[in-house]
Amino acid sequence: MKKIETAIRLARAGLNYIFKREVVAYLPFRLWIEPTSACNLRCVMCPQSMNIPKEHGYMKMDLYKKIIDEAKSFVHDINIHHTGEATLHPRLPEMIAYAESEKIYTKLHTNGTLLNLALSEKIIDSSLSLLSFSFDGFDAETYEGIRIGAQFESTLQNIIDFLKIKKEKHSKKPFVIIEVIDLSNNLSKKTDKYLRFKEKLAGLPLNELRLKQPHNWAGKYTMKFNQEQFAACTFLWYAMVINWSGEVTPCPQDYYCEIFLGDVQEQSLREIWNGLPMRKLRAKMRTGDLKRFKPCETCDMLRRKTVLGIPFTNVKQFLTGIHD
């Protein structure tokens, strides 16, 4: 029954996206909630490594609970992460457990460097639904050249230890993914490095080892893209991002909160979802006139191949990111 309801909601959001409606008669299907904007690494493809001022902080538990209490009646899943490393937040397992207690599908993305045995056990016990590790490289040279500040063997051991604990507990949750960003555009699952890396994880409950294409963080990271092709941003019709401070932005690529939609400390999610800033942004997307409109103007996510008018990358990630 839940899968049927999910499919209906997806179809509804899809139709509203296709017709580019400015006001929609439903609430967001997915949220990104940022526990913290701080990070312990300075990865080469991430805005954290750029010399651009950004205020860092940690979301207060009262604010987090307010968001969950509002969202529990309509949201399908939440990503408990955004621009920072979520495991830096001292109450992360409690955050996960609170959302899961309200039957919300929870997803966590981490670099895995801070995942000690105690934290691993707490995260598994929190009933987290999905955990993805950013682990960009099948050997130390590649990994440490991208993940500045991390050590290949140490982080890999953290992941292995996490999977061992999951196995010992006979826990089906979380669904575990290791993501490797292909910055070279030539990674393959047939290489010796890939096969040797996979051997290290043999017999452990890893659900997926995924090769992932990079994006340009809405122009913050230099990449070539097709200037002529345009497909409106899908996020505006199914999701919102809530930064640690309570400020709301339209999508995860808006790293510096350049598009301010509202503040959940002062407004409800319902008010923000169809508020004037969001309606104006949807109207902009409908026309495709984004010149001098930051950060959308330089975002490569708006210039990708489409299927039936919907960006293929977004559709694939949206559908495969549910796992229920």
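Residues numbered from 1 in each chain as written. Predicted model: local features only at pLDDT ≥ 70, side-chain atom pairs only at ≥ 80, totals over all residues. Heavy atoms only, no water.

Asks: When you look at the pairing of strand β5 (residues 175-181) in this model, what are you seeing that I'm missing?
Replies: Consecutive side chains along a regular strand alternate between the two faces of the sheet. Of all the seven residues making up β5, six are buried; the element is thus mostly covered by neighbouring parts of the structure. Where strand β4 (residues 130-134) and β5 come together, five bridges link them in parallel fashion. When the sheet's bridge partners are listed, L130 is paired in β5 with F175. (Buried < 20%, exposed > 50% of the residue type's maximum accessible area, 1.4 Å probe, protein only. Helix = DSSP H or I, 4+ residues; strand = E, 2+ residues; numbered from the N terminus. Pairing = 2+ DSSP bridges.)

Asks: What is the right way to read the environment of R286 from this model?
Replies: Note on placement: R286 falls in helix α9 (residues 276-287). For the pair R286 and C233, spaced 53 residues apart in sequence, the C-alpha to C-alpha distance is 9.4 Å. In this structure R286 touches K20 and E22, once residues within four positions along its chain are discounted. (Contact = heavy atoms within 4.5 Å.)

Asks: Looking at this structure, I do not really get the sheet that holds strand β3 (residues 105-110). What am I missing?
Replies: Sheets are built from strands that pair by backbone hydrogen bonding, the pairs being arranged parallel or antiparallel. Strand order in this open sheet of nine strands is β6-β5-β4-β3-β2-β1-β7-β8-β9, and the pairing throughout is mixed. Where the open sheet ends on each side, the last strands, each with one partner, are β6 (208-212) and β9 (262-263). Two strands pair when backbone bridges link them, and strand β1 (residues 30-33) and strand β7 (residues 239-242) are joined in this way by four bridges, in the parallel orientation. Among the inter-strand pairings, L31 is bridged to a residue of β7, identified as M240. Packed on one face of the sheet, helix α6 (residues 152-168) meets β4 and β5 and runs near 165 degrees to β5. (Axes fitted to C-alpha atoms, helices over the stretch in contact; angles between N-to-C directions.)

Asks: Hey, could you run me through a nonpolar patch on the surface in this one?
Replies: On the surface, L15, I18 and F19 cluster together into a nonpolar patch covering about 300 Å² of accessible area. Among the structural elements, L15 can be located in helix α1 (residues 2-18). Overall, L15 belongs to the partly exposed group, its relative accessible area being 47%. (Patch = residues over 30% accessible without salt bridge, like charges linked within 9 Å, V, L, I, M, F, W, Y side chains within 5 Å. Areas by Shrake-Rupley, 256 points an atom, 1.4 Å probe, with all protein chains shown as cover. Salt bridge = Lys/Arg side-chain N within 4 Å of Asp/Glu carboxyl O.)

Asks: Explain the packing of aromatic side chains to me, please; I cannot follow it from the model alone.
Replies: To describe a pair of aromatic rings, you give the distance between the ring centres and the angle between the ring planes. Tallying each qualifying case throughout the model produces twelve aromatic pairs. Pairing F135 with F152 gives two aromatic rings, centres 5.4 Å apart and planes at 55 degrees, and the pair type is tilted. One end of the pair, F135, is in the loop between β4 and α5 (140-146); the other, F152, is in helix α6, with 17 residues separating them in the sequence. For F135, a relative accessible area of 0% puts it in the buried group. Between R282 and the ring centre of W273, over which it is positioned, the NZ or CZ distance is 4.6 Å. (Phe/Tyr/Trp six-rings, centres within 6.5 Å; stacked < 30°, edge-to-face > 60°. Lys NZ or Arg CZ within 6 Å of the ring centre and 35° of its normal.)

Asks: How should I be thinking about the environment of L119 in this particular structure?
Replies: Its place among the elements puts L119 in helix α4 (residues 117-125). L119 sits in the buried class, given a relative accessible area of 15%. Each C-alpha atom of the pair L119 and P93 lies 8.0 Å from the other, and the pair is 26 residues apart in sequence. Excluding its chain neighbours within four sequence positions, the residues that come into contact with L119 are T87, P93 and L114.

Asks: Please explain the pattern of salt bridges as it appears in this structure.
Replies: Pairing is possible between side chains of opposite charge, provided their charged atoms come close. Applying the stated criterion across every chain yields a total of 13 salt bridges. Salt-bridge contacts for D77 lead to R30; the nearest nitrogen and oxygen are separated by 2.5 Å. Of this pair, D77 sits in strand β2 (residues 77-79) while R30 sits in strand β1, and the two are 47 residues apart along the sequence. Residue R30 is classed as buried on the basis of its relative accessible area, which comes to 3%. Across the pair E179 and R210 runs a salt bridge whose closest N-O atoms are separated by 3.2 Å. Note that E179 is positioned in strand β5 and R210 in strand β6, a separation of 31 residues in sequence. For E179, a relative accessible area of 8% puts it in the buried group. The class for R210 is partly exposed, based on a relative accessible area of 22%.

Keep in mind that these numbers describe shape and distance, not what the molecule does.
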